[in-house]
Amino acid sequence: MTDDSKRPPRRHRRPLSVAAAVLLAAGAAIAIPQLAEAATTLQSLAAAKGKTVGFALTSSYLSESAYKNIADTEFNLVVAENAMKWSSTEPSRNSFTYAAGDQVADYAASGGKQLYGHTLVWHQQYPSWVDGISSGTDLLAAMKNHVTNVAQHYAGKVTAWDVVNEAFEDNGSRRQSIFQTRIGNTYIEEAFKAARAADPAAKLCINDYSTDAVNAKSTAIYNLVQDFKARGIPIDCVGFQAHLILGQVPSDLQANLQRFANLGVDVRITELDVRMTTPSDASELATQKSDFQKVFTACANVTRCTGVTVWGLTDKYSWVPDVFSGYGAALIWDENYGKKPAYDGAAAGFGGTTTTPTPTTPGPTTPAPAGACAVSYAVNQWNTGFTATVTVRNTGSSAINGWTLTWSYTAGQTVTQAWSATVTQSGSAVTATNAAWNAALPAGGSTSFGFNGTHGGSNPAPAAYTLNGAACTVA
Ligand code: XIL
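This section reports on the structure supplied with the text. Everything numeric in this text was worked out from a predicted model, so none of it was measured. Counting restarts for each chain, with residues numbered from 1 along the sequence as it is written. In view of the model being predicted, local features appear only for residues whose pLDDT reaches at least 70, and side-chain atom pairs are presented and counted only at 80 or more, with totals across whole chains, interfaces and linings using the full set of residues. Think of the side-chain values as coming from all heavy atoms in the structure, minus any hydrogens and water.

1. Comments concerning the packing of aromatic side chains
Turning to step 1, where the next piece is worked out: The pairing test for Phe, Tyr and Trp rings, Trp by its six-membered ring, is centres within 6.5 Å, and the orientation test on the planes gives stacked under 30 degrees, edge-to-face over 60, and tilted for anything in between. By the definition in use, this model includes 23 aromatic pairs.
Turning to step 2, where the next piece is worked out: Look at tyrosine 98 and tyrosine 154: their rings are 5.7 Å apart centre to centre, the planes differ by 90 degrees, and that puts the pair in the edge-to-face class. Linking tyrosine 98 in the loop between helix H3 (86–89) and helix H4 (99–110) with tyrosine 154 in the loop between helix H6 (136–153) and strand E5 (158–165), this pair joins segments that are 56 residues apart in sequence.
Turning to step 3, where the next piece is worked out: Residue burial is assigned from relative accessible area. The probe radius is 1.4 Å, only protein chains are included, and a residue is buried under 20% of its type maximum, exposed over 50%, and partly exposed in between. Taking the relative accessible area as the measure of exposure, tyrosine 98 reaches 14% and is therefore buried.
Turning to step 4, where the next piece is worked out: With a relative accessible area of 0%, tyrosine 154 lands in the buried category.
Turning to step 5, where the next piece is worked out: Aromatic pair phenylalanine 192 and phenylalanine 228: ring centres 5.8 Å apart, planes at 80 degrees, arrangement edge-to-face. On the criterion of sequence distance, the pair formed by phenylalanine 192 in helix H8 (residues 187–198) and phenylalanine 228 in helix H9 (residues 216–231) is long-range, its members being 36 residues apart.
Turning to step 6, where the next piece is worked out: For phenylalanine 228, a relative accessible area of 2% gives the class buried.
Turning to step 7, where the next piece is worked out: Connected via pairs of aromatic rings, a cluster forms that spans Phe55, Tyr61, Tyr67, Phe75, Tyr317, Trp333 and Tyr343.
Turning to step 8, where the next piece is worked out: As a reminder, the over-ring test applies to NZ of lysine and CZ of arginine, requiring each to be within 6 Å of the ring centre and within 35 degrees of the ring normal. The ring of tyrosine 222 carries arginine 259 above its face, with NZ or CZ at 4.8 Å from the centroid. The helix and strand labels rest on DSSP assignments: H or I over at least four residues marks a helix, E over at least two residues marks a strand, and numbering proceeds from the N terminus.

2. Considering the state of the cysteines
Turning to step 1, where the next piece is worked out: By convention in this document, the label disulfide applies to cysteine sulfur atom pairs within 2.5 Å. On inspection of all chains with the given rule, the structure shows three disulfides.
Turning to step 2, where the next piece is worked out: One disulfide in the model links cysteine 299 with cysteine 305; its S-S distance is 2.1 Å. Of note, the bridge from cysteine 299 to cysteine 305 carries an S-S torsion of about -100 degrees and is left-handed in sense.
Turning to step 3, where the next piece is worked out: Owing to a relative accessible area of 0%, cysteine 299 belongs among the buried residues under this scheme.
Turning to step 4, where the next piece is worked out: Shown here is the disulfide that connects cysteine 373 with cysteine 472, its sulfur atoms set 2.0 Å apart. Given an S-S torsion of about -95 degrees, the disulfide between cysteine 373 and cysteine 472 has left-handed geometry. Of this pair, cysteine 373 sits in strand E13 (residues 373–381) while cysteine 472 sits in the loop between strand E23 (470–471) and strand E24 (473–474), placing them 99 residues apart in sequence. Comparing cysteine 373 with cysteine 472, the two get one shared label, buried.
Turning to step 5, where the next piece is worked out: Bonded cysteines in the protein are paired 1-2, 3-4, 5-6 when counted in the order they occur along the chain.

Limitation: the analysis is restricted to geometry and does not speak to function.
In structure tokens:
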């Protein structure tokens, strides 16, 4: 067994951000046609579909404001990355410690987010005293005691539990875990029955990896659900971890989710990440965007799919590089908390659109007040490439609906790929137009978009911007 919950977090570094500060005066604005009010976060897109979008939380990272800000705004579900596992909650027999798990539960409650429980019985990250139990009867008693105590502690807080995690081998046979070998086939149903008794309101799920396609392993779980339903053993949901490799979203993912839904259980993507060889390049990030879109779309298209959970927020803190050597960059935000193209993919899969809005007849030209916008520009650069994040703030007193931001690149920089906006370039002139979901900028509101680009060694920040034709403050 493996207990690697105490593995230190990985930290990666990239060159520091650059910011420019120039103040410019007012111009004239072209009124942009009004677009339909659009959701601007992953959670608002999810909520509009009656679904949740979640992330695996490690509470200590909330001390970083960028991490907390994303967690606070983008998600309406939280799962503990490690804090509710057996090794965390019952380090010695019948002695329960909930401090770390409660931090996650408190964070969820304070932000009005759903709390998802992970996980009661798993062949990893259980305490070493469990290995010392040789009798099946005693291990069953210990397992039921664990399930009962933890599920009771979080009753009323957790909406669903991964009761049993990773119980099957890829060939569909039972994994020969300590629970399987000492208790036998019935350990799974015993865990589910104990969880139901301890928290009758929580949905009870079985969770696994490499089950995203129709294959021997997913079919084994399918058969288990059918069998439990037939025999009246409680089971409400199936989790599909979806730790995926770039470009390998199974084409039958949606069909697979649907066949489980047809059995009368909810389904969920529970631990999504899409790993690639590192360092990543623009083409890989574009494929990753498409992969995220496929997964979110599959869930959107299955009524009983409750939502998607990503296994972390930022590539700065991800289990992937620790476990899959040479791989990383698997999450939605990069190591500097910049949104990656994957964000737009996820948003698009949940109904946000990233296509250029259809132009309609322009409205009358109206003068724009001076300094009605402020733009900040942050860049991470290496030899000949860079990633930029641009934040546009409406500093005026009226809402902006639909925006076009322009600037000029003076050192031959070329934008190669953008997210959260459509970016075009003609010579040195660059034009960024809102995505449909971030078209609306209320007074005082802001939005960020990003892009990758190339440069020839010098990469100065733009000195000036216009928003809908009016000059902006450079923040
Ligand atoms: C991982 C965590 O992300 C790591 O921090 C920890 O060291 C090991 O476990 N499948 C699961 C998750 O169900 O609990 C695992 O989480 C990733 C694989």
